[in-house]
Amino acid sequence: MRLRNWDLGFGILRVLAVVSLLSVLSLAQADGSQQNVLGRAGTFAIINARIVTVSGEVIENGTVLIQDGKIAGVGTGVQVPKGAETIDGKGLSVYPGMIDAATHMGLSEVPLGGASTVDVAEVGDQNANAKAILGINPNSSHINVTRVAGITTVLSFPTGGTIAGQAAVINLWGSTQDQMSVDPTFGLVINFPRVAAFGGFRFGRVDFNELVRRRDQRLEELKKTFRDAEAYARISDAYKADKTLPAPVTDVRLEALTPYIRGQKPVIFTAERERDILAVIKFVEEYKLKAIIVGGQEAWKAAAGLKKNNIAVIYTNSFNLPVQDDDAYDSLWEAPSKMAKAGIKFAISTGEDGGNVRDLPYQAGMTAGYGLSKDDALKAVTLYPAEILGIADKYGSIETGKMANIVVATGDILEPRTDVKYLFINGRMIPLTSRHTELFERFKDRVK
Amino acid sequence: MNRALIIFLMLAVTVMSPLSAATQSARETLIRNATILTAANGTLENSDILIQNGKIAKIGKNLKAGANAVVVDATGKFVTPGIIDCHSHSMLDAINEGSLSVTSMTGVRDALNPKDITIYRALASGVTAANLLHGSANSIGGKNVVVKFKWGHPVEDYPIQDAPAGIKFALGENPKRTHGTVQAGQTPRYPRTRMGVMETIRDAFLRARDYKRSWDDFKAGKTKIEPRRDLELEPLVEVIEGKRLVHAHGYRSDEHLNLLKIADEFGFRVATLQHGLEAYKIAPEIAKRGTGVSIFTDYWSYKFEAYDTIPYNAYILWKAGVVVSINSDDDERMRRLNIDAAKVMRYGGVPEQDALRMITLNPAKQLGIDKRTGSIEVGKDADLVIWNGHPFSVYSRPEMTFIEGDVYFDRAKDIAQRTVLEKERQELEKLDVNKPANGGGTTPNRVPSERRISDRDDADQEGLTGDNK
């Protein structure tokens, strides 16, 4: 994740820029390059392939049968039904579609200078009712670009303020938000108050004790909101049980918090450093929350508290620089192996806007050069995020009965030289086209 | 900064460098039994490299070395040339002199910080040299410097002395200040459009041509009074005379082509189009002029002029005969240039050696340093990386990095050093000055150490940040 120079000034030039941006986007849509191609349904049998099931053993020379959108059979003795479309997988490897559990997919097309395409951060400090699913553009060009790299499911989450809003789990398929949706309101994103001098360069040096005071104040405001939400939920329940009581005044923000403060759904806390993660753990214990950490640079240092409270970590720091000069150069590549050794449940994700989510396999693979097992690196972008996102009954591995989100690749899917040859989402065979392949086709022969 | 402080800092650098004393005296090194990706003459299996006095003396099988030579057993390992990053702002304490639209009088040589930790981190990822560029805040920026990352050395050891001089130009969103805000009462800086950017550059070259003529006339005796030196125009005269390389930041193919046409008009060759994320659209026009292109493999969509980028860019340019390099423009991306190079094999099918050249020999060619570095050939500087696996595998990592035969990164020693550093850190934390003020968990009344993050093209002197390449 990168710091961005959010600049929302609105002069005439900016208006012109927005207008020209819109016109170019609509042109691009007119030629089809941004539309979310739906592919075709059918019964497909991938035969003679190396099947990396992730949940079980690798099957050499096996068959994966796709029927009615689901995986209908996996193994060496699978009967291929008559009329099934057969794909020869000789020399190819079959993987479950990868899952990126931390993105802003569909919420930000052009983050810098394209403010009209950015919907990641709402105004105000507490926006529990803001839902990412309502801002996701099903026709973002990032969607096709990402899925042809083998990533089929993502969590898209809002940022901004302390309570940023609710994150959505989506498949990278569909013409509407509903079609894409796997879990439209999976979790509540809270940027846990921390001592940080962001903007300090611009605004001059800020006294450290003042920063501590500001953190404490934001934390108090967060706690007050949680207490308000608890009271609101109790009043609402009481009224539902006894309509003679005075009807509570609807408060959309507090109402949105109900399933989260009651531990029915996870709160996703962004936190990086040990001290902040320990503070999150304390908060989770105090309010008895179901929780997940996003970020997690130093999560391995807080293993005991994380495990005790069943808090998983969505790690988004493979492609970041160590924070302190005297941190080991590979500290952020090593962190996942330390989490694995400590027994923390984790996934590796990009934390990217959308355009660069396709680096997911390399973000995971690189950590396997620094201590993590290759098996864990693969699981960290398939089965582990599926478990953390509560969708492992349908996604994350190749097992009979699961949704057919399947990638057929030329080799190890975490390797940058590996290419994707076939792609299935919800059992539909998806064309391997994107804005990029279309521009490639248009310009590649100018060299002749 | 006072002299004592400078001396202290230089001492600190020497002490911080974990590798200085033991390894740098060895002037003969034999790397044995490696798979060598030469980037020049294919891949050599089970082969040795003999390094003498900083140069590659021999390449072959079963080479013999003197009794005092350091022998590195590289069985099962891979050796590549040191990676060269053709677009970086590492170790710069200032990146943009953005107050004027033409700042050719400035140069980043005056802003080098040899104790920037990103140098060591780059070495740990196999990067040995970099083109340190001025930022892109103005149409004609400052002069560049091409360095080798000689971590632990004094700053004057960093620049490659015989590297041709260069200068940064910039087109598009950044020089027209799309992402900057104009304060109330402030006049916007010219230019604000792509029209104005081209006129700014053309005007500067017209002035440079007149200035050159005034000197030519004086030298020919046509005029009697020596012209006043103009430090803004001197570098541009050098460009016209082919003595200074132009590295031109830009995204849209139309404006890069317009710059190439200005270069045609004034009779010089643009050395590199930097970023050039749409260069694939004008590949034949670039190839015809012998201009190089230095790109990101697939980083895109972060701003509007980066929206037409495709990962096949490298392939299309390569096929058209353009010398392509892959750069980082970022202290973090710099740490995975091998992966970015590997990707071009997938997108279009650039062969392995040509992909490797995009982070080694090709940037060396673009920077005019290919006679001394960029490939593994006898007579070249021994700038080498030993990897524990194929450098294009995501699972591989550098084990050792050499510059001119000296070891600047050794993973085994780095790891061994960590317990020492951790002990030192704990001892420092116990010092009075580092104790909490009230003993109650709050820290002393001072600003915590935050790393400078202005390693980007558009970062201002004040350290404004952004993804504004």
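First, a word on what this report is: a plain description of the structure on this page. Because the structure is a prediction, the values reported are computed rather than measured.

Topic: the pattern of salt bridges
Pairing is possible between side chains of opposite charge, provided their charged atoms come close.
Stage number 1. Within the structure shown, the criterion is met by 60 salt bridges over all chains.
Stage number 2. Put simply, Glu286(A) and Lys223(A) hold a salt bridge, and the shortest N to O gap is 3.6 Å. Remark: Lys223(A) occurs in helix H5 (residues 208-241) and Glu286(A) occurs in helix H7 (residues 274-287); sequence separation between them is 63 residues.
Stage number 3. Relative accessible area serves as the criterion here: at 43%, Glu286(A) is assigned to the partly exposed category.
Stage number 4. The class for Lys223(A) is buried, based on a relative accessible area of 16%.
Stage number 5. Two residues, Asp216(B) and Lys212(B), come together in a salt bridge whose shortest N-O distance is 3.2 Å. One end of the pair is Asp216(B) and the other is Lys212(B), both in helix H4 (residues 194-219) and four residues apart, which spans about a single turn.
Stage number 6. Bridged by salt links that share partners, the residues Lys55(B), Lys148(B), Lys150(B), Asp162(B), Arg372(B), Asp381(B), Asp383(B) and Glu404(B) form one connected network.

Description of helix H12 (residues 411-430) of chain B
Residue pairs spaced three or four apart in an α-helix point in one direction, given the helix's 3.6 residues per turn.
Stage number 1. For H12(B), with 20 residues, the first-to-last C-alpha span of 29 Å sits near the 28 Å given by 1.5 Å per residue.
Stage number 2. Along its length, H12(B) shows its largest kink, about 30 degrees, at Arg418(B).
Stage number 3. If you check which residues of H12(B) are buried, you get Arg411(B), Asp414(B) and Arg418(B).
Stage number 4. Looking at the buried side of H12(B), the elements it contacts are helix H9 (331-342) of chain A together with helix H3 (117-123), strand E16 (398-403) and strand E17 (406-410) of chain B.
Stage number 5. Of the residues flanking the start of H12(B), the one acting as N-cap is Asp410(B), its side-chain oxygen 3.1 Å from the backbone nitrogen of Ala412(B).

A few points about the pairing of E16(B)
All names here are of chain B.
Stage number 1. Buried residues dominate E16, accounting for six of its six residues.
Stage number 2. Pairing geometry for strand E15 (residues 384-387) and E16, over four bridges, is antiparallel. Along E16, the bridge assignment pairs Leu384 with Phe402.
Stage number 3. Examined bridge by bridge, E16 and E17 share four bridges and lie antiparallel to one another. Note on E17: the bridge partner recorded for Thr401 is Phe409.
Stage number 4. Here E16 folds back onto E17 in antiparallel fashion, the turn holding two residues, of which Glu404 has a positive phi close to 45 degrees.

Comments concerning the sheet that holds strand E10 (residues 266-271) of chain A
Strands pair in a sheet through their backbones, by hydrogen bonds, and they do so in one of two ways: parallel or antiparallel.
Residue and element names in this part refer to chain A.
Stage number 1. If you trace the eight strands from one edge of the open sheet to the other, you get E6-E7-E8-E9-E10-E11-E12-E13, paired in mixed fashion. Whereas interior strands pair on both sides, the edge strands pair on one side only; in this sheet they are strand E6 (98-103) and strand E13 (346-348). Each neighbouring strand pair of the sheet contributes to a mean axis angle of 25 degrees, computed without reference to strand direction.
Stage number 2. Bridging between E10 and strand E11 (residues 290-295) involves six bridges; their strand directions are parallel. Bridge pairing in E11 places Val267 opposite Ala291.
Stage number 3. Where helix H6 (residues 252-261) meets the sheet, it contacts strand E8 (163-171), strand E9 (181-191) and E10, and its direction lies at approximately 95 degrees from that of E9.
Stage number 4. The sheet contacts of H9 involve strand E12 (312-315) and E13, and relative to E12 the element is tilted by about 160 degrees.

Considering the side chain of Glu298(A)
Residues and elements named next belong to chain A.
Stage number 1. Tracing the sequence through the fold places Glu298 in the loop between E11 and helix H8 (303-308).
Stage number 2. In this structure Glu298 comes out as buried when scored by relative accessible area, which is 10%.
Stage number 3. A polar contact of 2.7 Å, which involves the side chain of Glu298, links it to the backbone nitrogen of Glu274.
Stage number 4. Excluding anything up to four places from it in sequence, Glu298 contacts Glu272, Arg273, Glu274 and Ile277.

What counts, and where the lines are drawn
Residues numbered from 1 in each chain as written. Chains lettered and ligands numbered in written order. Predicted model: local features only at pLDDT ≥ 70, side-chain atom pairs only at ≥ 80, totals over all residues. Heavy atoms only, no water. Salt bridge = Lys/Arg side-chain N within 4 Å of Asp/Glu carboxyl O. Helix = DSSP H or I, 4+ residues; strand = E, 2+ residues; numbered from the N terminus. Buried < 20%, exposed > 50% of the residue type's maximum accessible area, 1.4 Å probe, protein only. Expected span 1.5 Å × (residues − 1). Bend = angle between axes of the 7 residues up to and from the residue. Contact = heavy atoms within 4.5 Å. Polar contact = N/O pair within 3.5 Å; in protein donor to acceptor, adjacent residues only side chain to side chain. Pairing = 2+ DSSP bridges. Axes fitted to C-alpha atoms, helices over the stretch in contact; angles between N-to-C directions.

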